[in-house]
Amino acid sequence: TINPHASCMIMTTEILRSMLYRGSDVSREMAWVVFDEVHYMRDRDRGVVWEEVMILLPDSVRLVFLSATIPNAREFAEWICRIKHQPCHVIYTDKRPVPLQHYLFPAGGDGVYMVVDEKGQFREDNFHKALTALQNAAESTNVDTKKMLKRKGKANLGDLEKIVRMCSDRGYLPLIVFSFSRKECEANAVALKKMDVTDDDEKRLIDEVFNNAIMTLGDEDRELPQVQSMLPLLRRGLGIHHGGLLPMLKEVVEILFQESLIKVLFSTETFAMGINMPAKTVVFTNTRKWDGVEYRILNAGEYIQMSGRAGRRGKDDRGLTIIMFDEKVEPDVAKEMFMGQSSKIYSAFHLGYNMLINLLRLEGADPDYMIQRSFHQFQKDKSALEIQGKKQDLEAEVANLEDLRVAVNDDSSYAFNVDEAIADYYYIDKQLSKKMDERREIVIQPEHIAPFLNPGRLVCMKDGDTDWGWGILISAARKKLTENNSVLDDSEPQWVLDVFLPCDPEDKDRPPADAKAEGRIFPMALTLVQKISKIRSNMPTGDLDSDDSRRALLKTLHQIKNHKSFKQGIPELDPVGEMNIKSEEMNSVVATIADLQKKLSTNSFHGHDKMQLYYDCFSKKVNLHRQVQDLEKQINQSRFMVMSDDLRAMRRVLRRLEFIDKDGVVQLKGRMACEITSADEILMTEIVFQNVFADIDANNIIALCSCLVFDEKSEDPITNNLDLMKAFETCKGIARNVAEIMVENKIPIDVEEYVQKLKPQLMDVVLHWLEGKRFHEIMNQCNLYEGSVVRVIRRLEELIRELATAAKTIGNEELASKLNEGRSRLKRGIIF
């Protein structure tokens, strides 16, 4: 710690967490804690640390939370009140100090279209103009697709140059260009090789800042390709900022950007997080990103966070956001992105072994204490209250329907018990419709129905909730199912019917709402046929899709439906007598249907004029009852503490591996695991306790530990150092064993995935660094970005420091001194 006795200390949440668990002096003297960018709580991996700290802080400490993107701040404040027993004031504004305008730039187009103005109005007309421009540009360059793909990258860069030039000419600089990959950032910057937006004085200043910064590096580190290639870009007013850069270069870029010496900055999303460096204009090169699971469109929260960098307070009267897009985006999706609320904070709380063991060690705290106070449990309890309210409303409605005669407003006297009769009628009717459905399923099997699918036959169609009613069959054939007009090779041919149906003149995908109707031929799956009729109509001659034919068909259909012979409805084909379906299944269904129909006809309500009123009322009552039961189930589930199953399973794992004893008292292994937060604490402890480190030297131990902190994709070869490989295989065996024990204790993990978390690709790099090689030499050995290597080695140093402390805690002085001695060789040069 630098200056541990200062009156104001700045630290990461992780450090504060370990202070609270250790009970350090500082944590007893704190009066205020300020959490900046508190929306990090929703982060999948680190969010839980923020919650732990908020829960563990003593009630006497006052808290301040800062964030630009929490729409559910009120809910968050309620939670703080509940766990801290003190009021929490929400101070917020929805107004941006500098209004934003959002523009679209269609790929291959030649201008921008404003889609959201500074008052926050979505301009639908401009949005459609932009889409049209995109289509026109695509059609004019509609070369062979392969050529198109090759050109696509280049066209995009050409577009980018257009935008940067336009901003430069109109005085819209400085400009941040967001891309979602490091490679793309660099490619974009290199592509603008003709751009130069600085004058001679600015060039001189840039040289000075850059040269002063690299004076801090050793001579050979100044020769690193990344350092060398940066200055020519910076001098022309262009900068690059992403996680793969050396920390020193990132800092230089940030300083130059703050001083307005960099006019165009190519950056990844991280630049929008926590670095307060606004520009006049922000450009997005893409609207999709890979989030580790899928390739998806940006959500409103991410878009707000990034576009929020546009517009400098006190300098600009408005900020501009320009989005380059090269594919059709649905207006709703775009609207949601531009106008949406930033995403609510949902708790990312989850139990970790380190948390569990630390809580078991602490006086007066246990894991249940933590879970019950978590934001996760609070949100669950709150939704349970809402459900409870809903349930009470529904129960009141049910009570109003208790007496059916009052509900339907009927005071006539009946010779039979009304409630029993209608209940009986309702349940028989439900059974009947179920059996009718079974009969339909048999009838529409291709072997039964195919001989009757002749043109002109009347068929009744229903698609999901859309009831089309009777239509005229035009043709039926077996076709292979197509997906976006491409035939799927492995799909079975399915029956598809072309059916002429009346539709709404306004919306042709809906049945007509009133007497006005047009006719249209729809392709429909055989499974949508509800009934098939005896009637076949005459077909008009000529093209059946012409307007005349459609009018003729509509007229024929209307005449048949309203024919006086069919007062009882259009006659259906008899499955047994006419379609000749003689299966046992059919006979049994037909017999049951006849039986149920007989029962219905003998019911006292059969044919009664008030039957429908009573039926609807009873049906509503049954549905409400079912909804009340569903809500009851949900309430019962939320009564249980969240994660209680996980907690039991994790305790079993800790007992099996002897981290705690049967009474939950923390053992030696557990005391070691408490100290480790930079890597998988269970696996790390097991590796130490199985003496993997006993017979190998410090360098090899540290190189081996890199497997636990390296988490990027890498194609680099694994080491050919035999001792290291042997030790690595041992570690994999231990990991497999730990994973299998977890699975046995009902923890849902994949054993192979758990073992694959050990990534050996950086072992050689770390070894050579420990042996004193230069940074540029180790960079020649691997295909990673410099910044990634620096980050891994810094995390590794932190892990080794924790391990050394842990080794002391358990009395293994030999390992502790080995690690400290190795750490002194690790911590040197450009990396630190």
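Reading the values: the criteria
Residues numbered from 1 in each chain as written. Predicted model: local features only at pLDDT ≥ 70, side-chain atom pairs only at ≥ 80, totals over all residues. Heavy atoms only, no water. Phe/Tyr/Trp six-rings, centres within 6.5 Å; stacked < 30°, edge-to-face > 60°. Helix = DSSP H or I, 4+ residues; strand = E, 2+ residues; numbered from the N terminus. Buried < 20%, exposed > 50% of the residue type's maximum accessible area, 1.4 Å probe, protein only. Lys NZ or Arg CZ within 6 Å of the ring centre and 35° of its normal. Contact = heavy atoms within 4.5 Å. Core = buried A, V, L, I, M, F, W, Y, C linked by side-chain atoms within 4.5 Å. 1 Å grid on protein atoms, 1.4 Å probe; cavity = no way out; pocket = protein on both sides within 12 Å on 5 of 7 lines; lining within 4 Å. Points joined across faces, edges and corners; volume = space filled by probe spheres on them. Nonpolar A, V, L, I, M, F, W, Y, C, P; charged D, E, K, R; others polar. Pairing = 2+ DSSP bridges. Axes fitted to C-alpha atoms, helices over the stretch in contact; angles between N-to-C directions. Salt bridge = Lys/Arg side-chain N within 4 Å of Asp/Glu carboxyl O. pLDDT = per-residue confidence, 0-100. Polar contact = N/O pair within 3.5 Å; in protein donor to acceptor, adjacent residues only side chain to side chain. Patch = residues over 30% accessible without salt bridge, like charges linked within 9 Å, V, L, I, M, F, W, Y side chains within 5 Å. Areas by Shrake-Rupley, 256 points an atom, 1.4 Å probe, with all protein chains shown as cover. Lys, Arg positive; Asp, Glu negative; His and termini not counted. Charge placed at Lys NZ, Arg CZ, Asp CG, Glu CD.

**Student:** Looking at this structure, how should I read the packing of aromatic side chains?
**Tutor:** In total, this model carries 26 aromatic pairs according to the counting rule given. Centroid distance Phe35 to Phe65: 5.3 Å. Interplanar angle 15°. Geometry classified as stacked. Remark: Phe65 occurs in strand S2 (residues 62-65) and Phe35 occurs in strand S1 (residues 32-35); sequence separation between them is 30 residues. Ring geometry for Tyr426 against Phe618: centres 5.2 Å apart, planes inclined by 65°, an arrangement best described as edge-to-face. Remark: Phe618 occurs in helix H22 (residues 611-639) and Tyr426 occurs in helix H18 (residues 418-443); sequence separation between them is 192 residues. Here Tyr426 and Phe618 have matching classes, each one buried. Cluster of aromatic residues (ring-pair linked, three or more members): Phe35, Tyr40, Trp50, Phe65, Phe76, Trp79, Phe375 and Phe378. Positioned above the aromatic ring of Tyr40, the side-chain terminus of Arg46 is 5.8 Å from the ring centre. Over the aromatic face of Trp769 sits the side chain of Arg828, whose NZ or CZ is 3.6 Å from the ring centroid.

**Student:** Would you mind going over the environment of Leu501 with me for this structure?
**Tutor:** Within the secondary structure, Leu501 sits in strand S16 (residues 493-503). The residues touching Leu501, leaving out its near neighbours within four places in the chain, are Met461, Trp468, Gly469, Trp470, Gly471, Glu518, Gly519, Arg520, Phe522 and Met524.

**Student:** Can you walk me through the nonpolar core in this structure?
**Tutor:** What tends to happen in soluble globular proteins is that the nonpolar side chains get buried as a cluster. By size, the foremost hydrophobic cluster in this structure holds 163 residues, and its most contacted members are Phe35, Met54, Trp79, Phe338, Phe693, Leu704 and Phe775. Among all residues touching Leu704, those that are not within four sequence positions of it are Val692, Phe693, Ile696, Leu724, Ala727, Phe728, Cys731 and Met763. Counting 54 residues, the second largest nonpolar core, distinct from the first, contains Leu526, Val529, Leu600 and Cys617.

**Student:** Got a minute to help me understand empty space enclosed by the protein in this structure?
**Tutor:** Where empty space is left in the structure can be found by rolling a water-sized probe over the atoms. Across all of its chains, the model carries two cavities of 30 Å³ or more by this definition. Empty space within the largest cavity amounts to approximately 70 Å³. As for the largest cavity, its lining consists of Leu104, Phe127, Thr287, Ile297, Ile323, Phe325, Val329, Val333, Ala334, Met337 and Phe338. By residue number, the principal contributor to the lining of the largest cavity is helix H13 (residues 331-339), which donates four residues. Its volume calculated, the second largest cavity comes out at about 30 Å³. Every residue lining the second largest cavity is listed: Asp711, Glu712, Ser788, Arg791, Val792 and Arg795. Among the residues forming the lining of the second largest cavity, the class breakdown is one nonpolar, one polar and four charged.

**Student:** Sorry if this is basic, but what is going on with the sheet that holds strand S11 (residues 319-325) here?
**Tutor:** Pairing between sheet strands relies on hydrogen bonds along the backbone, with the strands arranged either parallel or antiparallel. Here we have seven strands laid out as an open sheet, ordered S4-S3-S11-S8-S5-S7-S6, and mixed in their pairing. Every other strand in the sheet has two partners, leaving strand S4 (113-116) and strand S6 (238-241) as the edge strands with one partner each. The sheet shows a mean angle of 25° between the axes of neighbouring strands, taken without regard to direction. As judged from the four bridges shared by strand S8 (residues 281-284) and S11, these two strands associate in the parallel manner.

**Student:** What's the story with the pattern of salt bridges in this structure? I'm lost.
**Tutor:** Should their charged atoms come close, side chains of opposite charge can pair. Across all of its chains, the model carries 48 salt bridges by this definition. Across the pair Asp547 and Arg550 runs a salt bridge whose closest N-O atoms are separated by 3.8 Å. Of this pair, Asp547 and Arg550 both sit in helix H20 (residues 547-561), three residues apart, which is roughly one turn of the helix. Three or more residues are tied together by salt bridges with common partners; here these are Glu269, Lys289, Asp291, Arg296 and Glu302.

**Student:** For this particular structure, what's the right way to read the sheet that holds S16?
**Tutor:** With antiparallel pairing, the five strands of this open sheet are ordered in space as S17-S16-S13-S12-S18. With partners counted over all chains shown, the strands left at the sheet margins are strand S17 (518-525) and strand S18 (529-536), one partner each. Sheet twist, expressed as the average angle between the axes of neighbouring strands with direction ignored, equals 35°. Summarising the sheet, strand S12 (residues 457-463) and strand S13 (residues 466-480) pair through six bridges and their orientation is antiparallel. Paired with Leu458 across the bridge in S13 is Ile472.

**Student:** Can you walk me through the confidence of the model for the protein in this structure?
**Tutor:** Close reading of the predicted structure is inappropriate where its pLDDT is low. Looking at the protein, pLDDT values average 89 and 97% of them are 70 or higher. In this model, residues 143-153 is a region of pLDDT below 50 whose contacts with residues beyond four sequence positions or in other chains number four contacts.

**Student:** Is there a simple way to explain the side chain of Ser549 in this structure?
**Tutor:** Take Ser549: it is sitting in helix H20. Of note is the side chain of Ser549, whose polar atom sits 2.6 Å from the backbone oxygen of Asp543. If we ignore the near neighbours within four places in the chain, the residues touching Ser549 are Pro540, Thr541, Asp543 and Leu544.

**Student:** I'm lost on a negative patch on the surface in this one. Help?
**Tutor:** Taken together, the side chains of Asp403, Asp419, Glu420 and Asp424 define an acidic patch exposed on the protein surface. Within the fold, Asp403 resides in the loop between helix H16 (375-400) and helix H17 (404-407).

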